[in-house]
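Structure assessment
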Amino acid sequence: MQCMIRVSDLTLYLKCPRTCYFTNRGHNLIKDATPQYLERIIFKELALVYGSAFNREDRLTILSDDLNRISNEIRIIYRAELAGIDDDTLAGSVSNVRSCLGDICSNLPSNDNFYASEPVEIEPLLHSEKSGLAGSPDKLVKIGDMLTPSIIKTGSMPENGVWQSDRLQLTAYAMLVEEKYNTVVEHGFVEYARWGKVREITIKRHERRKVLQIRDKIKKIQNGSMPERPEDAPCEYCGFKGMCEVKSTLASRFF
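Attention in this report is confined to the structure presented alongside it. All residue numbers here refer to positions counted from 1 along the written sequence of the relevant chain. The predicted nature of this model means local features are confined to residues of pLDDT at least 70 and side-chain atom pairs, given and counted, to a pLDDT of 80 or more, with totals for whole chains, interfaces and linings taken over all residues. Only heavy atoms go into the side-chain values, all of them from the structure, while hydrogens and water stay out.

**Comments concerning helix α3 (residues 35-47)**
The cut-off we apply is this: Counting from the N terminus, the helices are the DSSP runs of H or I reaching at least four residues and the strands are the DSSP runs of E reaching at least two. Each residue after the first adds 1.5 Å to the expected span of a helix. Only protein chains enter the accessibility calculation, which uses a 1.4 Å probe; a residue whose area is less than 20% of its type maximum is buried, one above 50% is exposed, and one in between is partly exposed. We call two residues in contact whenever any of their non-hydrogen atoms come within 4.5 Å of each other.
With 13 residues, α3 should reach 18 Å at 1.5 Å per residue; the first-to-last C-alpha distance of 18 Å fits that figure. Here α3 lies mainly inside the structure; 10 of its 13 residues are buried. Contacts made by the buried residues of α3 are with α4 (59-77), α5 (87-98), α6 (101-107), β5 (139-143), β6 (146-153) and β7 (187-192).

**Focus: the sheet that holds β5**
Strand pairing within a sheet occurs via backbone hydrogen bonds; the two strands may be parallel or antiparallel. In plain terms, the rule: One requirement defines pairing of two strands: DSSP has to find at least two bridges between them. Axes, fitted as lines to C-alpha atoms, cover a helix only where it is in contact. Angles between the N-to-C directions of the axes lie from 0 to 180 degrees.
Across the sheet, which stays open at both edges, the 5 strands sit in the order β2-β5-β6-β7-β8 with mixed pairing between neighbours. The strands lining the two open edges of the sheet, one partner per strand, are β2 (119-122) and β8 (197-202). Taken over all neighbouring pairs, the strand axes of this sheet differ in orientation by 25° on average, direction set aside. As paired strands, β7 and β8 are joined by 6 bridges and run antiparallel to one another. Bridge assignment links His-187 to a residue of β8, and that residue is Thr-202. The strands touched by helix α8 (residues 164-181) are β2, β5, β6, β7 and β8; relative to β6, the strand with the most contacts, the crossing angle is about 145°.

**Looking at the sheet that holds strand β1 (residues 5-6)**
Pairing is mixed across the open sheet formed by 3 strands, whose spatial order is β1-β4-β3. The open sheet has two edge strands with one neighbour each: β1 and β3 (126-128). Looking at chain direction, β3 and strand β4 (residues 133-135) are connected through 3 bridges and run antiparallel. If you follow Leu-126 over to β4, its bridge partner there is Gly-135.

**Remarks on the packing of aromatic side chains**
For clarity, the cut-off: A pair of aromatic rings is counted whenever rings of Phe, Tyr or Trp (Trp by its six-membered ring) have centres within 6.5 Å, and the orientation is called stacked for planes under 30 degrees apart, edge-to-face for over 60 and tilted otherwise. In this analysis the charged atom, NZ for Lys or CZ for Arg, is taken to sit over a ring once it is within 6 Å of the ring centre and within 35 degrees of the ring normal.
Going through the model one piece at a time under the given rule, you end up with 5 aromatic pairs. Look at Tyr-50 and Tyr-115: their rings are 6.2 Å apart centre to centre, the planes differ by 80°, and that puts the pair in the edge-to-face class. Taken together, the residues span a long stretch of sequence, with Tyr-50 in the loop between α3 and α4 and Tyr-115 in helix α7 (residues 112-115) at a distance of 65 residues. Just as Tyr-50 is buried, Tyr-115 falls in that class too. By the ring-pair criterion, three or more aromatic residues cluster together here, those being Tyr-50, Phe-54, Phe-114, Tyr-115 and Phe-189. Over the aromatic face of Tyr-181 sits the side chain of Lys-180, whose NZ or CZ is 5.6 Å from the ring centroid.

**A short note on the environment of Glu-191**
Note the following rule: Side-chain atoms alone can form a polar contact between residues adjacent in sequence; in general such a contact is a pair of N or O atoms within 3.5 Å, and within protein one must be able to donate a hydrogen while the other accepts it.
Tracing the sequence through the fold places Glu-191 in strand β7. C-alpha of Glu-191 to C-alpha of Leu-38: the two residues are 153 residues apart in sequence and 18 Å apart in space. Once residues within four sequence positions are removed from consideration, Glu-191 is found in contact with Ala-47, Phe-114, Tyr-115, Lys-139, Ser-150, Ile-151, Ile-152, Lys-153, Lys-197 and Val-198. Within the local environment of Glu-191, its side chain forms a polar contact with the side chain of Ser-150, the two groups lying 2.7 Å apart.

**Observations regarding the environment of Gly-239**
By the secondary structure assignment, Gly-239 is in the loop between α9 (205-222) and α10 (241-252). Judged by its relative accessible area of 62%, Gly-239 is exposed. Once the C-alpha coordinates of Gly-239 and Ser-95 are considered, the two residues, 144 residues apart in sequence, prove to be 28 Å apart.

It is worth stressing that arrangement in space is one thing and function is another; only the former is reported here.
Set out below in structure tokens:
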């Protein structure tokens with residue numbers, strides 16, 4: 001099998017190509033186990049069960065019970081990621097998530113077409129020899145006769161539509177689903193877990209093309225080419241900041 005490029009690498013590239021460079025050099029992208037990071041994990045786990053509550057009158061009770069279960073299981077599922085989290089921090093993050101349940105419950109019924117469909121698979125591992133891509137969408141759902149990828153996002157939600165990075169991520173997953181199941185994927189879904197809202201996108205040709213263009217740029221990175229650091233790179237909270245500055249200084253000596 002050829003060396004596959006992960007869909008997560010596309011996402012990293014869109015944030016900053018340098019991050020993609022360092023991870024491909026074997027450096028681990030370490031995420032600090034902050035309360036905010038913990039909340040994102042809890043929201044993701046909770047979003048996996050929104051479908052069981054969307055059309056129930058007692059959905060607040062159902063989600064509250066599921067949140068209690070998740071708080072007891074989260075350390076088992078994310079053992080390595082949460083090794084440094086103490087019980088008080090976990091309790092605080094659970095409490096913050098619980099404060100959002102009312103709004104989530106109000107929004108769930110508006111997504112009845114999506115949540116009425118049972119997920120075909122959770123985090124299926126997909127790969128494509130043709131595109132050289134591999135990855136796992138959060139869900140694979142069946143809407144009517146169509147298999148459709150869905151991704152869960154726990155950060156901010158745009159006022160309309162979805163973020164461009166989410167569109168490209170979904171497009172890449174659509175291409176993987178198409179090859180595995182010999183089908184055509186015309187749509188994808190983004191679940192904004194903090195609000196219980198789901199937004200549908202149409203998979204477009206120019207975004208398929210963009211995915212392949214980024215794939216080719218990542219191939220160059222894998223072959224040792226260090227990309228320029230974009231002016232809007234999110235350097236402040238980057239775990240590679242020190243390493244990146246050293247590399248930039250060394251490179252500047254030769255140009």
